[in-house]
Amino acid sequence: MDDQVTGQAIIEELIYNMQQGIEPLVYAALVPSLYNVYLHPEDYDRLSPIFHIITVEAQMALDEEVRKLNKKTGWLKQKKNVQAVSRWIIKFHKDMDEEVRRGEILIDSQLGMPQRQELAGTETKIIKTLRSADGVSKTIPAPPTQRVYATIVYEDDRGRRVFKMTKPEIVIGRGGKEYLTDLKLYTSPDVSREHLRIRYDAATNQFFARDVSTLGTSVNGIPIPSSVEIIDGNKHDKHIEVPIPPRARLILADVLILDFDATGR
């Protein structure tokens, strides 16, 4: 069986993702307008010369699907005007962390316009779908609503993003097959796969940062001590952490900025 990804399969999965992401309002129904497409490196390299053509055809297909939805009667129990929040934006990404297998298509989409994400704390509805190599599509359910300890706004290779810290301790970094991260960054290898840990201490109502990287972390322009030492060629964590204020700018390896904000939690 040929398990190569095709341009047609990508377009079909974009339409499926859009259908799963419909958000009904009173007089309208919004559909996602921002799409990130993740492919296995082999599929990415093979299709990259025609990404611009796939994008044009996908935008046409999404327009056509919206027109079809608007022609339906009894849509969502009553007639609604289906529309995207902004123009279709489709970005392709090479998955380097072995999350997407050859022949698979992983898409996450968002309802809002890019500038909406500039507001820390703005809710962003993300719809994630996966098409397997045998052509079966499924929606990956979103986690249930949880307490938000803090919000982190940053910009990596995927654009401007908003992350909500819903656990008392999180791991930040590029991640990978053997590196589990809560906030996974798509950026320069200067940022370690496991770069920074942030912990909330309920007893003191204080946040702490622990640098476990190779090239370091600064908080509001001041480098923090490394919690890592190399012994006999092996990496050991000394569990050194420093307090961070409720609002702080964290810079990882001098290449990526995270704006941390716990003032609105």
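One structure accompanies this document, and this report is about it. (Residues numbered from 1 in each chain as written. Predicted model: local features only at pLDDT ≥ 70, side-chain atom pairs only at ≥ 80, totals over all residues. Heavy atoms only, no water.)

As for the packing of aromatic side chains
We count it as follows: Pairing of aromatic rings covers Phe, Tyr and the six-membered ring of Trp, with a centre-to-centre limit of 6.5 Å; geometry is then stacked below 30 degrees between planes, edge-to-face above 60, and tilted otherwise. Burial classes: relative accessible area under 20% of the type maximum marks a residue as buried, over 50% as exposed, and values in between as partly exposed (1.4 Å probe, protein chains only). Every helix listed is a DSSP run of H or I at least four residues long, and every strand listed is a run of E at least two residues long, numbered separately from the N terminus.
What the rule picks out here adds up to seven aromatic pairs. Plain terms: the ring middles of Tyr200 and Phe207 are 4.9 Å apart, the flat faces sit at 45 degrees to each other, and that makes the pair tilted. Residue class for Phe207 comes out buried when judged on its relative accessible area of 3%. Judged by centre distance (5.2 Å) and plane angle (75 degrees), the ring pair of Phe207 and Phe260 falls under edge-to-face. Within this pair, whereas Phe207 is found in strand β14 (residues 206–211), its partner Phe260 is found in strand β21 (residues 256–261), the two being separated by 53 residues in sequence. Both residues of the pair, Phe207 and Phe260, belong to the buried class.

Structural notes on the nonpolar core
Keep this limit in mind: Note on terminology: a nonpolar core comprises buried Ala, Val, Leu, Ile, Met, Phe, Trp, Tyr and Cys residues joined through side-chain atoms within 4.5 Å. Here a residue-residue contact requires only that any non-hydrogen atoms of the pair lie within 4.5 Å.
Membership of the largest hydrophobic core comes to 28 residues, with the highest contact counts inside it found for Ile152, Met165, Ile172, Ile198, Phe207 and Phe260. If you list the elements that add at least two residues to this core, you get β9 (150–156), β10 (159–165), β11 (169–173), β13 (196–201), β14, β19 (242–244), β20 (247–252) and β21. Beyond its immediate chain neighbours, meaning those up to four positions away, Met165 contacts Arg147, Val148, Tyr149, Ala150, Ile170, Ile198, Tyr200, Phe207 and Phe260. Core analysis: the next-biggest nonpolar cluster, separate from the first, contains 27 residues, Ile15, Tyr35, Leu39 and Ile105 among them.

Observations concerning helix α3 (residues 51–71)
Every α-helix winds through 3.6 residues per turn, so residues three or four apart in the chain are directed the same way. Condition: By this rule, a helix spans an expected 1.5 Å times one less than how many residues it contains. The directions from the helix axis to the C-beta atoms form the arc being described.
With 21 residues, α3 ought to run about 30 Å at 1.5 Å a step, and its terminal C-alpha atoms sit 30 Å apart, in line with that. For α3, the full list of buried residues reads Phe51, Ile54, Thr55, Ala58, Ala61, Leu62, Glu65, Val66 and Leu69. Taken around the axis of α3, the buried residues stretch over an arc of 145 degrees, which confines them to a single face. Set apart from the buried face of α3 by more than 90 degrees, the exposed residues are His52, Met60 and Lys71. Residues of α3 that are buried in the fold lie against α1 (7–20), β2 (28–31), β3 (34–39), α2 (41–47), β4 (81–84) and β5 (89–94).

Let's talk about the sheet that holds strand β7 (residues 126–131)
The pairing of strands in a sheet happens through backbone hydrogen bonds and is either parallel or antiparallel. This is how the line gets drawn: When DSSP finds at least two bridges between two strands, those strands are taken to pair. Helix axes are fitted only over the stretch in contact, all axes being lines through C-alpha atoms; the angle between N-to-C directions runs from 0 to 180 degrees.
The strand order across the open sheet built from five strands is β5-β3-β6-β7-β8, with neighbouring strands paired in mixed fashion. Among the strands making up the open sheet, the edge pair consists of β5 and β8 (137–140). Here the strands of the sheet are splayed against their neighbours by 20 degrees on average, with no regard to which way each runs. For β3 and strand β6 (residues 105–110), the ladder comprises six bridges, and the chain directions are antiparallel. Across the sheet, the residue bridging to Asn36 is Asp108, located in β6. Lying on the sheet, α1 is in contact with β3, β5, β6, β7 and β8; it crosses β7 at an angle near 140 degrees.

Describing the pairing of β21
Relative to β21, β9 is paired through four bridges, and the arrangement is antiparallel. Looking at β21, one finds that Thr151 is bridged to Asp261. Here β20 pairs with β21 via six bridges, running antiparallel. Directly across from Arg249, in β21, lies its bridge partner Asp259. The hairpin formed by β20 and β21 contains three residues between the paired strands, and Ala253 there has a positive phi angle of roughly 55 degrees.

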